[in-house]
Number of protein chains: 2
Amino acid sequence: MKARVTVTLKSGILDPQGKAIEGALKSLGVDGIASVRQGKVFDIELAATDQAKAEAALKAAADRLLANTVIENYRVEVLS
Amino acid sequence: MKARVTVTLKSGILDPQGKAIEGALKSLGVDGIASVRQGKVFDIELAATDQAKAEAALKAAADRLLANTVIENYRVEVLS
């Protein structure tokens with residue numbers, strides 16, 4: 001079973017990395033980009049074949065390790 | 001206009017960061033995770049309101065800065 005966990009900064013949290021990318025794109029001459037925010041994505045292969053069990057494991061993983069829930073949101077998608 | 005660029009390692013490219021996460025999840029007692037691969041996600045706000053122009057700008061950004069196309073794949077989604 002495959003799944004994807006996407007971790008993004010909560011709105012209002014400063015993202016200096018995203019700001020740096022914005023600046024770099026401007027100096028490279030890539031036009032039309034107004035703002036950039038960077039996040040993380042985890043492509044996870046699960047041993048479980050049960051959807052509910054898989055979602056529980058992914059939620060535990062995200063809460064305990066993958067995301068800092070003080071400043072980040074996460075989204076779990078089970079793909080197949 | 002909002003868009004998301006997702007950058008992931010090509011298959012076959014070693015991902016030591018993903019391996020470390022796998023090990024950490026095991027030692028935290030999160031069961032059922034077979035493998036983890038980490039990627040990056042960029043949430044981009046565009047000035048362009050034209051879908052084709054937006055996609056061209058995003059493709060240029062990904063090719064020139066966001067992804068290392070030797071070892072990474074990227075996917076561009078225009079959300080709205």
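Here goes a summary of the coordinates provided. (Residues numbered from 1 in each chain as written. Chains lettered and ligands numbered in written order. Predicted model: local features only at pLDDT ≥ 70, side-chain atom pairs only at ≥ 80, totals over all residues. Heavy atoms only, no water.)

Some thoughts on the overall build of chain A
Right, so step 1: A tally of regular secondary structure across chain A gives two helices and three strands.
Right, so step 2: Seen in sequence order, chain A has helices and strands lined up from the N terminus as β-α-β-α-β.
Right, so step 3: For chain A, whose C-alpha radius of gyration is 16 Å, the value lies well above the compact-globule estimate of 12 Å for 80 residues.
Right, so step 4: Across its three principal axes, chain A shows a C-alpha extent of roughly 50 × 25 × 15 Å.
Right, so step 5: Looking at chain A as a whole, 39% of its 80 residues qualify as buried.
Right, so step 6: Within chain A, contacts between residues at least 6 apart in sequence are counted, and of these 70% link residues at least 24 apart.
Right, so step 7: Accessible surface computed for chain A: about 4300 Å², of which carbon and sulfur atoms make up 53%.
Right, so step 8: Positive and negative side-chain charges of chain A, numbering 11 and 10 respectively, have mean locations separated by a distance of 4 Å. (Helix = DSSP H or I, 4+ residues; strand = E, 2+ residues; numbered from the N terminus. Rg over C-alpha atoms; globule rule 2.2 N^0.38 Å. Buried < 20%, exposed > 50% of the residue type's maximum accessible area, 1.4 Å probe, protein only. Contact = heavy atoms within 4.5 Å. Areas by Shrake-Rupley, 256 points an atom, 1.4 Å probe, with all protein chains shown as cover. Lys, Arg positive; Asp, Glu negative; His and termini not counted. Charge placed at Lys NZ, Arg CZ, Asp CG, Glu CD.)

Some details on the relation of the copies chain A and chain B
Right, so step 1: By a simple turn and slide, chain A fits onto chain B: the slide is 0.0 Å along the axis, the RMSD is 0.0 Å, and the turn is 180°. Viewed as a symmetry operation, the transformation between the two copies matches a two-fold axis. By C-alpha distance to the rotation axis, the residue of chain A lying nearest is Lys40(A), at 2.3 Å.
Right, so step 2: A share of 100% of interface residues in chain A that are also interface residues in chain B marks the association as one of identical surfaces. (Least-squares fit on C-alpha atoms with pLDDT ≥ 70 in both.)

What to know about the environment of Gly29(A)
Right, so step 1: Along the chain, the position of Gly29(A) falls in the loop between helix H1 (16-28) and strand S2 (33-46).
Right, so step 2: For Gly29(A) and Lys10(A), which are 19 residues apart along the polypeptide, the C-alpha to C-alpha distance reads 29 Å.

Describing the side chain of Thr8(A)
Right, so step 1: You can see Thr8(A) is positioned in strand S1 (residues 2-9).
Right, so step 2: Taking the relative accessible area as the measure of exposure, Thr8(A) reaches 17% and is therefore buried.
Right, so step 3: Other than its neighbours up to four places away in sequence, Thr8(A) contacts Ile71(A), Glu72(A), Asn73(A), Arg4(B) and Asp43(B).

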